[in-house]
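Below, each chain spelled out in residue letters.
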Amino acid sequence: MSGATPHLVLDRLTRRFSGARAAVDAVSLEIAAGELVALIGASGSGKTTTLRMVAGYEVPDAGAVVLDGRDITGLPPQRRQFGMVFQHYALFPHLTVGQNVAFGLEARGIARSERMSRAADALAGVGLAGADGRAVQSLSGGEQQRVALARALVIEPPVLLLDEPLSNLDPTLRRSTREELRATLRRLGVTALFVTHDQEDAFAIADRVALLAAGRLLQVGTAEELYDGPANREVAAFIGRSTLVPGALDRDRIIVQLGGAARTLRAAPAPDLPSRGPATAVLRPDALGFSPPNGPDAWPGVVQERRFAGALLAYRVRVAGDVDLELHSTVRDVQPGDAVWVRVTREPVAVVA
Amino acid sequence: MSRRGDAKGTWLFALPVLLVLLWTVVYPNASIIVGSFDHGLRSWRQFASSPTDREALRTTLVISIGSVIAAVAVGLPLAFLLTRVEFRGRRLLSAVATLPAALPPLVGVVAFLFLYGESGVVTRGVQALLGLDHAPWTLNGAGAIIFVHAYTMYVYVFLFVSAGLERLDTSLDEAAAGLGASRSLRLRRVTLPLLTPAIAGSMLLGFMSALGSFSSPYIFGGGLRVLSTQIVASKLNGAMDLAYVETTVLAIGAIAALILMRWFERRRTYAVSSKGSVVRSRLQSPTARVLAPVLGAVLVVILVLPHAMVILVSFARDGTWTTQVMPPEYTLDNFRRLATDNELWVPIWNSVSMTAIATALDIVVCFLAAYLLVLRRFRVRWLLAILVALPWAIPGTAIAIGLASTFDRNSLLGARALLVGTFWILPLAYFVRGVPLVSSATEGSLRQMDPSLEDAARGLGASWWLTMRRVVLPAARPGLVAGAMLAGITAVGEFVASIVLFTHANRPISMEILSQLRNFAFGTAAAFSVVLIALVLAITLIARWAEGRWSRAEAVVIQ
């Protein structure tokens, strides 16, 4: 947050649908002006419901939404004007591209000529100059996404909300759109909160990532903070790939025993962990590597699987009777069935309960 | 590309289906058009210069447009109320909102007569309440016809708009709200424009029905002339060529409406629903909270009253209800006579057997037609599509006149058979009227089937027959059952074509109701009406049962 006053505050937002468990359970989050924050989580984790409460489409059962110090929890969506980008874009099929983008200005009673020229500018801003007169149905998926973005941006929303903005695009288009989206939002200095189930999208676009599971907020931080210092097992399991292995924590050291071979690793324990006692080491595939045979801090194992993944190869190595380590390596000449030695190449390792 | 064009096998089915439809749908109507030119342009000139015909044409249009406006005025707000607002009694109102559609045309008219006619219960009730010397209104003329039409035709608007509202992508409304649009702006700029195809479609459907409507102008018209009654009058007067001209004019109007409707339907491409479903909002203001259930209760009473009235009068002793508000004497005699008097049993048996024959024929022909339309490609598919839709637009009176003038003699060369005056002419008329209902419902079901299922079955080595039985037929079944149900309901209460074609021997229930009414045997007429309502209910229950029995097969085949 670096000392900035929060622009948007989600204060213990809670939403219960019929049934005992809360869909969103006391979620609190502060967003600074100009910050891009991603809400990520598996489907059913409550991320879309949280976004809809911020937009005003859902009324929270408890908690508040505060914008620039003003409680806006009771305001209907049309009074908040957060300009949401929907998953399926929700472009009005009976209006042209230009009329779609100008709709929010029409709602504000801005004269036709002015709103059409501002819509044209907004379209140019997303690389669709001259598309004003086109029919929505004639647009490709990527173009529709950009029209939806222009439509939301043209009303200069205090906070831009995006619900899975990239999920309907094919993988190639998705990567380029991701970069464009970040560049556009940065250039305009927009504050944005967006929902995605794809962590790559979140890492690429957001300044900070908020991870939700079962309606609860598990951790908020930069992508690297979540990857290198997960607050608990759930975060470690959701963010990136990892092998969770049991060990004994002793302040800044963890002793990990695999197949009879105990190794001591430097530890970065989660904040609420007792300084001594049983704990779990999070071994990331990119923090593991092959080692020369009989290395002092290496484990012996057998390669189970070799998968080509472009720049890297992904190996699965069985070290103890039942523990499979996943490791990424540029080494290419190892084959399934080979006996190898594996060691931790980057320390400290994250430690969770 | 699949090999769905393999010509020989397709033609094996397409040819008989096309021939049957050309013979029963196109041939009779074409012979009417040809017949209208029998004396060159004389009949047309006669039509154009006749003040009564001009008046009939004008009145028909006025009544049709008035009926459509009245239907929209009732159906549109009701659809919004029931899909968008939550209030006490909403479920009950939803349950009875489509009730008027289950009322056979003549029964509806009879019920309105008992309720709002000059000696109707409501009319006399108001008269007594206000202490008037004579009835406060007469159920007569254009206003009366539009009133009855509004009651039956608002259902189209209600159903189309409700379906449109339910399919409407709720995120469009949310997007508009998020961009700052007020409730009224959203309604004006987003919701109503998106519903335009549904509204226009239901209006045209109402227009088509009103154009061809016969029973209410026939009973309530008074001195009023409309085209459909004019056709029957011309036929009775022996002026067949004039009847042909009038029929042609009426049919052209209806077909024009059908073409327009199809055009609107094709525009209904958007409104694909995404995540999010219908959200009913609770009423905010306390006045509305009190008013909505009261309004709902009044509507429920109005909607249930015709059925209730028919049932009540069916227990009234014939000839006793004269000047009283309510029928004074009640008895079970009417029903006892129906069960014991052979003469009274005949129309019931006629209606049931003729309906069964017509519906069975509809099922066979329309299943094949739908199969050909959805899963086969052949050169004249467009013709088949027109043939199965055509009887929808052509008013019942016109269909009847066509059949009457075509199947009135045996002629091998003219492909004619003498059916007029026999039992078979009515099942044939019912069959023709059922074709669009069964084929469009079956088409709808088949379109939901993944077409690659048929290819997959054939690819697994299944014979054509096995594929048909295990894959195509189960997929078509829900639509086939629903369509057959509609066709059966229409046939069992059919009145419009029957009045032109019936004989004493094959008179259906509707004709018997009419003749009992003419004898002022209100109790007996109502008892027949109750039987008709019971038959409609029975058909509905049979269809439900059939659907439930086969639903497991559907679940497997339909994605």
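Residues numbered from 1 in each chain as written. Chains lettered and ligands numbered in written order. Predicted model: local features only at pLDDT ≥ 70, side-chain atom pairs only at ≥ 80, totals over all residues. Heavy atoms only, no water.

Visitor: Would you explain the overall build of chain A in this entry?
Guide: Of the regular secondary structure elements, chain A holds 9 helices and 20 strands. Projected onto its principal axes, the C-alpha positions of chain A cover 80 × 45 × 40 Å. In chain A, buried positions account for 52% of the 353 residues. Excluding contacts between residues fewer than 6 apart, the proportion of contacts in chain A whose partners are at least 24 apart in sequence is 66%. For chain A, the accessible surface area stands at approximately 15,300 Å², while carbon and sulfur atoms represent 50% of it. (Helix = DSSP H or I, 4+ residues; strand = E, 2+ residues; numbered from the N terminus. Buried < 20%, exposed > 50% of the residue type's maximum accessible area, 1.4 Å probe, protein only. Contact = heavy atoms within 4.5 Å. Areas by Shrake-Rupley, 256 points an atom, 1.4 Å probe, with all protein chains shown as cover.)

Visitor: Is there a simple way to think about the overall build of chain B in this case?
Guide: The helix and strand inventory of chain B stands at 23 helices and 2 strands. Taken against the 2.2 N^0.38 rule, which gives 24 Å for 559 residues, the C-alpha radius of gyration of chain B at 25 Å falls within 12% of a compact globule. By its C-alpha atoms, chain B is 80 × 70 × 55 Å across when sized along the principal axes. Per-residue burial for chain B yields a buried fraction of 53% across its 559 residues. Of the contacts made within chain B by residues no fewer than 6 positions apart, 77% connect residues no fewer than 24 positions apart. (Rg over C-alpha atoms; globule rule 2.2 N^0.38 Å.)

Visitor: When you look at the side chain of Lys47(A) in this model, what are you seeing that I'm missing?
Guide: Turning to its location among the elements, Lys47(A) is positioned in helix 1 (residues 47-55). Non-local contacts of Lys47(A), meaning those with residues more than four positions away in its chain, are made with Leu39(A), Ile40(A), Gly41(A), Ala42(A), Glu164(A), Val195(A), Thr196(A), His197(A) and Leu212(A).

Visitor: Explain the pairing of strand 7 (residues 160-163) of chain A here, please?
Guide: On any regular strand, side chains alternate: one points to one face of the sheet, the next to the other face. All names here are of chain A. Going residue by residue along strand 7, you find Leu160 and Leu162 tucked away on one face and Leu161 and Asp163 tucked away on the opposite face as well. Across 2 bridges, strand 6 (residues 84-85) lies against strand 7 in parallel orientation. Looking at strand 7, one finds that Met84 is bridged to Leu161. As paired elements, strand 7 and strand 8 (residues 192-196) share 4 bridges and run parallel to each other. Paired with Leu160 across the strands is Ala192, a residue of strand 8. In this view, the connection linking strand 7 to its parallel neighbour strand 8 by way of helix 6 (residues 171-188) has right-handed handedness. (Pairing = 2+ DSSP bridges. Right-handed = clockwise from strand over helix to strand, strands pointing away.)

Visitor: Sorry if this is basic, but what is going on with the sheet that holds strand 4 (residues 62-67) of chain A here?
Guide: In any sheet, the strands associate via hydrogen bonds between backbone groups, in a parallel or an antiparallel arrangement. Residue and element names in this part refer to chain A. Reading across from one edge, 2-1-4-5 is the order of the 4 strands in this open sheet, with antiparallel pairing throughout. The open sheet is flanked by strand 2 (24-32) and strand 5 (70-71), the only strands paired with a single partner. Pairing analysis gives 2 bridges linking strand 4 to strand 5, with the strands arranged antiparallel. Pairing of Val66 across the sheet is with Asp71, part of strand 5. Along the sheet, helix 1 makes contact with strand 1 (6-15), strand 2 and strand 4, crossing strand 1 at roughly 120 degrees. (Axes fitted to C-alpha atoms, helices over the stretch in contact; angles between N-to-C directions.)

Visitor: How should the environment of Val37(A) be read in this particular structure?
Guide: All names here are of chain A. Mapped onto the fold, Val37 is located in strand 3 (residues 36-40). Sequence separation between Val37 and Val220 is 183 residues; the distance between their C-alpha atoms is 9.4 Å. Aside from chain neighbours lying at most four places away, what touches Val37 is Leu29, Ile31, Ala192, Leu193, Phe194, Ala206 and Arg208.

Visitor: How should I be thinking about the pattern of salt bridges in this particular structure?
Guide: Where charged atoms of side chains with opposite charge meet at close range, the side chains can pair. Residues and elements named next belong to chain A. One pass over the full model with this rule turns up 36 salt bridges over all chains. Between Asp198 and Arg174 there is a salt bridge, with the nearest N and O atoms lying 3.3 Å from each other. In this pair, Asp198 is assigned in the loop between strand 8 and helix 7 (199-205) and Arg174 in helix 6, connecting sequence segments 24 residues apart. Classification of Arg174 by relative accessible area gives buried; the value is 12%. (Salt bridge = Lys/Arg side-chain N within 4 Å of Asp/Glu carboxyl O.)

Visitor: Quick question: what am I supposed to make of the interface of chain B and chain A here?
Guide: Accessible area lost during the coming together of the parts is what is often quoted as the interface size. Between chain B and chain A, the residue contacts involve 19 residues of the former and 24 residues of the latter. On the chain B side of the contact with chain A, Glu174(B), Leu179(B) and Arg189(B) bury the most area, a combined 35% of that side's loss. Residue Glu106(A) pairs with Arg189(B) through a salt bridge whose shortest N-O separation is 2.7 Å. Residue assignment for the side of chain B that touches chain A shows that the elements contributing at least two residues are helix 8 (170-178) and helix 9 (183-212) of chain B. A total of 7 residues in the side of chain B that touches chain A trace back to one element, the largest contributor, which is helix 8 of chain B. Taken together, the residues that form the side of chain B that touches chain A break down as 11 nonpolar, 4 polar and 4 charged. (Buried area = accessible area lost by both parts, 1.4 Å probe. Nonpolar A, V, L, I, M, F, W, Y, C, P; charged D, E, K, R; others polar.)

Visitor: Help me understand helix 5 (residues 105-116) of chain B in this model?
Guide: Residues and elements named next belong to chain B. Its 12 residues place the ends of helix 5 16 Å apart at the C-alpha level, agreeing with the 16 Å of an ideal helix rising 1.5 Å per residue. Most of helix 5 sits inside the fold, with 10 of its 12 residues counted as buried. Among the residues of helix 5, those classed as buried are Leu106, Val107, Gly108, Val109, Val110, Ala111, Phe112, Phe114, Leu115 and Tyr116. (Expected span 1.5 Å × (residues − 1).)

Visitor: Please explain the nonpolar core as it appears in this structure.
Guide: It is characteristic of soluble globular proteins that their nonpolar side chains tend to be buried jointly. Counting 250 residues, the largest nonpolar core has Leu160(A) and Leu384(B) as its most contacted members. Per-element tally for this core: the top contributor is helix 15 (residues 342-375) of chain B, with 15 residues. Once you skip the residues sitting within four places of it in the chain, Leu384(B) turns out to touch Val17(B), Leu18(B), Leu21(B), Ala369(B), Leu372(B), Leu373(B) and Phe378(B). In terms of nonpolar packing, the next biggest core, distinct from the first, is built from 29 residues, Val323(A), Val334(A), Val344(A) and Val349(A) among them. (Core = buried A, V, L, I, M, F, W, Y, C linked by side-chain atoms within 4.5 Å.)

Visitor: What is the right way to read the sheet that holds strand 16 (residues 299-309) of chain A from this model?
Guide: All names here are of chain A. With respect to topology, 5 strands assemble into an open sheet ordered 15-19-16-17-18, the strand pairing being antiparallel. The outermost strands of the open sheet, each flanked by one partner alone, are strand 15 (288-291) and strand 18 (324-329). Neighbour-to-neighbour, the strand axes of this sheet turn through a mean angle of 50 degrees, independent of strand direction.

Visitor: Can you walk me through helix 13 (residues 286-313) of chain B in this structure?
Guide: The α-helix advances 3.6 residues per turn, and as a result positions three or four apart in sequence lie on the same side. Residue and element names in this part refer to chain B. Over its 28 residues, helix 13 runs 40 Å from end to end, which matches the ideal 40 Å to within 8%, given 1.5 Å per residue. For helix 13, the principal kink sits at Leu305 and spans about 40 degrees; a proline, Pro306, occurs within the next four residues. Looking only at helix 13, the buried set comprises Ala292, Gly296, Val300, Leu303, Pro306, His307, Met309, Val310 and Val313. (Bend = angle between axes of the 7 residues up to and from the residue.)

Visitor: Help me out: how do you make sense of the pairing of strand 20 (residues 349-352) of chain A in this one?
Guide: All names here are of chain A. The alternating pattern of strand 20 places Val349 and Val351 on one face and Ala350 and Val352 on the opposite face, and all of these are buried. Judged from the 3 bridges that link them, strand 13 (residues 261-269) and strand 20 form a sheet pairing that is parallel. Directly across from Ala267, in strand 20, lies its bridge partner Val349. Here strand 14 (residues 276-283) pairs with strand 20 via 3 bridges, running antiparallel. In the strand pairing of strand 20, Val282 is matched with Ala350.

Visitor: It is not clear to me how the packing of helix 5 of chain B against helix 7 (residues 141-167) of chain B should be interpreted in this structure. Could you clarify?
Guide: How two helices sit against one another is set out by the angle between their axes and by the gap between those axes. Residue and element names in this part refer to chain B. Packing of helix 5 against helix 7 brings their axes to within 11 Å, and their N-to-C directions diverge by 120 degrees. Looking at the two axes, helix 5 sits oblique to helix 7. In this structure, helix 5 meets helix 7 at a crossing whose hand is right-handed. Within the contact between the two elements, helix 5 uses Val109, Phe112 and Tyr116 and helix 7 uses Phe147, Val148 and Tyr151. The class makeup of the residues in the contact of helix 5 with helix 7 is 6 nonpolar, no polar and no charged. (Parallel < 35°, antiparallel > 145°, perpendicular 65-115°, else oblique. Left-handed = near helix turned anticlockwise from the far one by under 90°.)

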